[in-house]
Amino acid sequence: MKQSKQENLIYLAVWGLLFAAPLLSFYVRTMSDTNLALDWAEVFVVWRKFAVYLLLFLIHNFFLAPLLVHQRKRMVYFAMVGALLVAFTAYQCSHRPDGNRFHQGPPPHQMERPEAPDHRMERPDAPEPWDRMDAPQPPQAHDGPMRQHEFRHDGPPPIVGERDIMAVLVLILMLGANLGIKSYFRSRDDRKRLAELERQNLEQQLEYLRYQISPHFFMNTLNNIHALVDIDPEKAKDTILELSKMMRFVLYEGNKQGVPLSRELEFIRHYIALMQLRYTDKVRIDVSLPVDVPDRQIPPLMLITFIENAFKHGVSYQHASFVEVKVSVEGDELHFECRNSKAGVPNEEKGGVGLANVRKRLNLLYGKDYTLSIHDVADVYSVELNIPLS
């Protein structure tokens, strides 16, 4: 997978600061000593050490880390990182800048003894100085210049020194930081992809629900018109005009994420007007909609399902019935209430497909930010809905 621009910028900034560190150090020293000259040989020595780490970083970043972060090949990753650490340790031990840390001078038998004064030059017949009882004795191995070799270490240096261990630890920390940064960006990309998949799934579900709601609504409306054709043909004509206005709203506004609240309320007025053409005075229909509608958005066809169910399952031709619809806006929240009488035949569908779909839409759109209360008592069926407005 390709690295993000943010990840590459982080690496570029860190390595840029590292390679600029020797020059910055020289600049700081010149602040206190103006006669100090830039020693490019010293800078190149530091850069050469950094170049080794940079090479290992690039190998790990582009070849090894993706094995663990993207491909989940843990065994292969740790095996190759272990081999990389072994190779770096061998290189570090064979390129020590200070060589053998233990001083090795010439062996003791090659050390020059101090010359004793030759008294024979004064007296040729004099005995050797060390033959005399009062003469100084020959220098011993622990006297004079030889004493400095008393604590010598003439064996081979250790295989891995302190600097070698520190260099390996620095490399491990560098690889760990690289792995952490890459894992962070991988998890961030995964969260973005998951959010995108959830958004696409949400859109597909909403599209499916809208597809179900529209035919369900038109099927009931056409049944109403069919009933009016036999009862009152003139009212049926007016109903068809109202239906054309409603169809225009459904076709051009129903597939949007949100519509103006005023358009949704206008759609509700047309629907209730259509229902009033069908029923007699025995059906009391009370509607309370706000006059001053704020410029807010609401999902299309969200409220009409409850009103449709109220007319479908709450109106009886045998006895007096009622349907009450009330919509109000308080701040950033819309309050919807719908009450209706219950028909003589119990409703086994509990709202049917339309109500089930509107519940799903509410869950998908608002999560826990809405409240829906349905009260089904002996003679009255009521719905209360509170949703936030955007």
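The preceding data block contains the structure.
Residues numbered from 1 in each chain as written. Predicted model: local features only at pLDDT ≥ 70, side-chain atom pairs only at ≥ 80, totals over all residues. Heavy atoms only, no water.

Enquirer: Go over the overall build of the protein with me, naming the residues and quoting the values.
Expert: For the protein, the count of helices and strands is eight helices and seven strands. Counting all 390 residues of the protein, 34% fall into the buried class. Nonlocal contacts in the protein, meaning residues at least 24 apart in sequence, comprise 74% of its contacts between residues at least 6 apart. Only carbon and sulfur atoms are counted for the fraction: they give 60% of the accessible area of the protein, which is about 25,000 Å². (Helix = DSSP H or I, 4+ residues; strand = E, 2+ residues; numbered from the N terminus. Buried < 20%, exposed > 50% of the residue type's maximum accessible area, 1.4 Å probe, protein only. Contact = heavy atoms within 4.5 Å. Areas by Shrake-Rupley, 256 points an atom, 1.4 Å probe, with all protein chains shown as cover.)

Enquirer: Provide a residue-level description of a nonpolar patch on the surface, including the pertinent values.
Expert: Together, L55, L58, I59, F62 and F63 make up a nonpolar patch on the protein surface, roughly 490 Å² of accessible area in all. Mapped onto the elements, F63 comes out in helix α2 (residues 40–69). (Patch = residues over 30% accessible without salt bridge, like charges linked within 9 Å, V, L, I, M, F, W, Y side chains within 5 Å. Salt bridge = Lys/Arg side-chain N within 4 Å of Asp/Glu carboxyl O.)

Enquirer: Quick rundown of α2? Include the residues and the values.
Expert: The largest bend in α2 is about 45°, located at N61. Within α2, burial applies to V43, Y53, L56, F57, H60, N61, L64, A65, P66, L67, L68 and V69. One side-chain oxygen at the N-terminal end of α2 lies 3.2 Å from the backbone nitrogen of A41; it belongs to D39. (Bend = angle between axes of the 7 residues up to and from the residue. Polar contact = N/O pair within 3.5 Å; in protein donor to acceptor, adjacent residues only side chain to side chain.)

Enquirer: Which residues make up the nonpolar core, and what values go with them?
Expert: I307, F311, L334, F336 and L385 are the most contacted members of the largest nonpolar core, which totals 46 residues. For this core, the leading source of residues is helix α6 (residues 261–278), giving eight residues. The residues contacting I307, other than those within four sequence positions of it, are I268, Y271, I272, V325, F336 and C338. Core analysis: the second largest hydrophobic core is formed by 21 residues, Y11, L56, Y77 and L175 among them. (Core = buried A, V, L, I, M, F, W, Y, C linked by side-chain atoms within 4.5 Å.)

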